[in-house]
Amino acid sequence: MSGVIAAVTERAAQRVKELGAEQALEMLRQELELVPRLGVLLGPPRPDGIEVRKTRIEPRGDVPGLAMAYVYTPAPPPPTVAIISATPDDGVPG
C-alpha cells in the first residue's frame, strides 16, 4: 500500500450517482490510492507538488465513459487525492 488517501467530493459523487457509475468510481478511488499519478497532468508543474490530473473510466454496459478530474496533494503527509469532477466522455478527441 502506498499510504495515499483517496476521497471523492460530494459533488463528484452525486454526478457519478446520477450517471449510475458508483461501482466504477469506487474502483477508481481504490486504484488512485495505489497509483496517485494515474492519468494526464493538466497544466504546468507547481513548486508545491500539487497536481491536477484527469483520467478516464471506460464505458461498460449501461455506464457511459467518464472523464474524471482529481487533485493530488503530496504534502503535508499523508499524500491525498480528491476526485473532484466526473463528466460524460464520448471518447472523441477535440
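That block above? That's the structure.
What counts, and where the lines are drawn
Every residue gets a number counted from 1 within its own chain, in the order that chain's sequence is written. Only residues with pLDDT of at least 70 get local features here, since the model is predicted, and only at 80 or more are side-chain atom pairs given and counted; chain-wide, interface and lining totals rely on the full set of residues. The basis for every side-chain value is the complete set of heavy atoms in the structure, and neither hydrogens nor water enter the calculation. By definition, a salt bridge exists where a carboxyl oxygen of Asp or Glu is found within 4 Å of a side-chain nitrogen of Lys or Arg. Strands are runs of DSSP state E lasting at least two residues, helices are runs of H or I lasting at least four, and both sets are numbered from the N terminus onward. Buried, partly exposed and exposed residues are distinguished by accessible area as a fraction of the type maximum, computed with a 1.4 Å probe on protein chains only: under 20%, between the cut-offs, and over 50%, respectively. For two strands to pair, DSSP has to find at least two bridges joining them. In this analysis an axis means a line fitted to C-alpha atoms, helices contributing only their contacting stretch, and an angle means the value between N-to-C directions, from 0 to 180 degrees. We call two residues in contact whenever any of their non-hydrogen atoms come within 4.5 Å of each other. Side-chain atoms within 4.5 Å link the members of a nonpolar core, which is a set of buried Ala, Val, Leu, Ile, Met, Phe, Trp, Tyr and Cys residues. Within the patch definition used here, like charges are joined within 9 Å and nonpolar side chains (Val, Leu, Ile, Met, Phe, Trp, Tyr) within 5 Å, considering only residues with over 30% relative accessible area and no salt bridge. The Shrake-Rupley method, run with a 1.4 Å probe sphere, supplies the accessible areas, and residue values consider only the shown protein chains as cover.

A few points about the pattern of salt bridges
Next, step 1: A complete count under the given rule lists eight salt bridges for this structure.
Next, step 2: Residue E18 pairs with R15 through a salt bridge whose shortest N-O separation is 3.3 Å. Of the two residues, E18 and R15 are both situated in helix α1 (residues 10–19); the distance of three residues between them amounts to about one turn of the helix.
Next, step 3: Among the residues examined, E18 registers a relative accessible area of 52% and is labelled exposed.
Next, step 4: A salt bridge links D89 to R56; its shortest N-O distance comes to 2.6 Å. Taken together, the positions of D89 in the segment after β5 (80–88) and R56 in strand β3 (residues 51–57) put the pair 33 residues apart, joining distant regions of the chain.
Next, step 5: Take R56: its relative accessible area is 28%, and that puts it in the partly exposed class.
Next, step 6: If you follow the salt bridges from partner to partner, you end up with E26, R29 and E33 in one network.

Remarks on the sheet that holds strand β1 (residues 5–8)
Next, step 1: Pairing is mixed in the open sheet, where five strands are placed in the order β1-β5-β4-β3-β2. Unpaired on one side and paired on the other, β1 and β2 (40–42) mark the two borders of the sheet. For this sheet the average axis-to-axis angle between neighbouring strands, irrespective of direction, equals 30°.
Next, step 2: Sheet topology note: the β1/β5 ladder contains four bridges and is parallel. Its bridge partner lying in β5, V8 is registered against I83.
Next, step 3: Along the sheet, α1 contacts β1, β4 (66–73) and β5; its crossing angle with β5, the most-contacted strand, is approximately 40°.
Next, step 4: Helix α2 (residues 22–34) rests against β1, β3, β4 and β5 of the sheet, and its axis sits at about 155° to β1.

Things to note about the nonpolar core
Next, step 1: Core analysis: the largest hydrophobic core is formed by 19 residues, its most contacted members being L32, M68, V81 and I83.
Next, step 2: Contributions of two or more residues to this core are made by α1, α2, β4 and β5.
Next, step 3: Setting aside chain neighbours within four positions, we find L32 in contact with V4, A6, L38, Y70, V81 and I83.

A closer look at a nonpolar patch on the surface
Next, step 1: A surface patch of nonpolar side chains, about 220 Å² in accessible area, is lined by V40, L42 and V52.
Next, step 2: Its place among the elements puts V40 in strand β2.
Next, step 3: V40 gets classed as partly exposed once you look at its relative accessible area, which sits at 47%.

By themselves, these are just geometric observations and shouldn't be taken as functional.
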